[in-house]
Structures are given as C-alpha cells and as structure tokens.
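Single-letter residue listing:
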Amino acid sequence: MKKGWTTTQLVATGALAALGILASLPGTLTAALTGSSFIGAGVNSIEIGISYSLVALIFKKFGAVTLWTFIFGVLAVPLPIMGPPGFFVKIPDAGFWGILSEAVYFI
C-alpha cells in the first residue's frame, strides 16, 4: 500500500479548504455588518477549530492539516478572513497553525 499522497487525497484536502472558506464567510459577513471583528472572529474560530480536528481525523497523516491550512491561507488572501484582504502574511500564519495543531494532535 502506498504511504504517499494520492490525487484523491490532495483534491479532498483542497475541497475541504474551499469548504472551510465558505463556512467562514458568515463570520466575515457578521463582522462587516456589526463593525466589530470580535463577533466574526468568534464565529470563525469555532468553525476553524472544528475543521482542524476534522481534517486530522479524516486523513490521519502528518502534513494533512498543514496542507489544508496552507491552501486555506492562499484562498483567504483576497477575503477579509484572518485579517484584511490582500494581506499575504496569512499564508505563513496559517501554515504555522497547521504545523502546531498537527504536533499537538500526533503527540
């Protein structure tokens, strides 16, 4: 049996990242309507927390959550998720949190 990544797993990781972006949009909309980023961050932190553990439990491979967060960060660049739109620091920030969450999960 192969231990590497299959094309299906890579596509599924990307699809879960896109689904995570779609699930984060209500929190972004809430922040835009209320003018307070605190409310939107609360909604998004619940969704992101669920997604981190979901991806780790689905793939059970080291690197899955990091790849998911990296794709999530790339997709979030033009959106007001994880900071202002166009803020390219989102990508390494998301990757850092992916590595950290995987380390905690696999310990």
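These lines cover the structure that appears in this document, whether it is placed above or below. This one's a predicted model, so the numbers in the text were calculated from it and none came from an experiment.

1. Some details on the overall build of the protein
Piece 1. Within the protein, the regular secondary structure consists of four helices and zero strands.
Piece 2. Helices and strands appear in the protein in the N-to-C order α-α-α-α.
Piece 3. Projected onto its principal axes, the C-alpha coordinates of the protein cover approximately 50 × 25 × 20 Å.
Piece 4. Looking at the protein alone, contacts between residues at least 24 apart form 61% of all its contacts between residues at least 6 apart.
Piece 5. Within the structure as shown, the protein displays about 6,400 Å² of accessible surface, and the carbon and sulfur contribution to it stands at 78%.

2. Side note on the packing of helix 2 (residues 37-59) against helix 4 (residues 90-106)
Piece 1. Where helix 2 meets helix 4, the axes come as close as 11 Å, and the angle between the chain directions of the two elements is 60°. As far as their axial angle goes, helix 4 and helix 2 are oblique. For helix 2 against helix 4, the interelement crossing comes out right-handed. Residues Tyr52, Ala56 and Leu57 of helix 2 form the contact with helix 4, whose participating residues are Trp97, Gly98, Ser101 and Tyr105.

3. Some points on helix 3 (residues 64-76)
Piece 1. Taking 1.5 Å per residue as the helical rise, helix 3 with its 13 residues ought to reach 18 Å, and the 18 Å between its terminal C-alpha atoms agrees with that figure.
Piece 2. Listed as buried for helix 3 are Ala64, Val65, Thr66, Trp68, Thr69, Phe72, Gly73 and Ala76.
Piece 3. Among the structural elements, helix 1 (7-34), helix 2 and helix 4 are those in contact with the buried residues of helix 3.

4. Remarks on helix 4
Piece 1. Helix length check: helix 4, at 17 residues, gives a terminal C-alpha distance of 24 Å against a target of 24 Å (1.5 Å per residue), a fit within 8%.
Piece 2. For helix 4, the full list of buried residues reads Lys90, Ile91, Ala94, Gly95, Gly98 and Glu102. Looking straight down helix 4, one finds its buried side chains confined to an arc of 130°; they lie on one side. Structural note: helix 4 exposes Pro92 and Val104 on the side pointing more than 90 degrees away from its buried face.
Piece 3. Check the buried side of helix 4 and you find it contacts helix 2 and helix 3.

5. Let's talk about unusual backbone geometry
Piece 1. Of note, Lys60 is a non-glycine position whose phi angle comes to about 50°, a positive value.
Piece 2. Here Lys60 lies in the loop between helix 2 and helix 3.

6. Observations concerning the packing of aromatic side chains
Given two aromatic rings, one states the distance between the centres and the angle between the planes to describe the pair.
Piece 1. A complete count under the given rule lists six aromatic pairs for this structure.
Piece 2. Ring geometry for Phe96 versus Trp97: centroids 5.3 Å apart, planes at 70°, classification edge-to-face.
Piece 3. Phe96 sits in the partly exposed class, given a relative accessible area of 47%.
Piece 4. Residue classification places Trp97 among the partly exposed residues on the basis of a relative accessible area of 42%.
Piece 5. The structure contains a cluster of three or more aromatic residues connected by ring pairs, namely Tyr52, Trp68 and Phe72.
Piece 6. A cation over an aromatic ring shows up here: Lys61 above the ring of Trp5, its NZ or CZ 5.0 Å from the ring centre.

What counts, and at which threshold
Residues numbered from 1 in each chain as written. Predicted model: local features only at pLDDT ≥ 70, side-chain atom pairs only at ≥ 80, totals over all residues. Heavy atoms only, no water. Helix = DSSP H or I, 4+ residues; strand = E, 2+ residues; numbered from the N terminus. Contact = heavy atoms within 4.5 Å. Areas by Shrake-Rupley, 256 points an atom, 1.4 Å probe, with all protein chains shown as cover. Axes fitted to C-alpha atoms, helices over the stretch in contact; angles between N-to-C directions. Parallel < 35°, antiparallel > 145°, perpendicular 65-115°, else oblique. Left-handed = near helix turned anticlockwise from the far one by under 90°. Expected span 1.5 Å × (residues − 1). Buried < 20%, exposed > 50% of the residue type's maximum accessible area, 1.4 Å probe, protein only. Arc of directions from axis to C-beta. Phe/Tyr/Trp six-rings, centres within 6.5 Å; stacked < 30°, edge-to-face > 60°. Lys NZ or Arg CZ within 6 Å of the ring centre and 35° of its normal.

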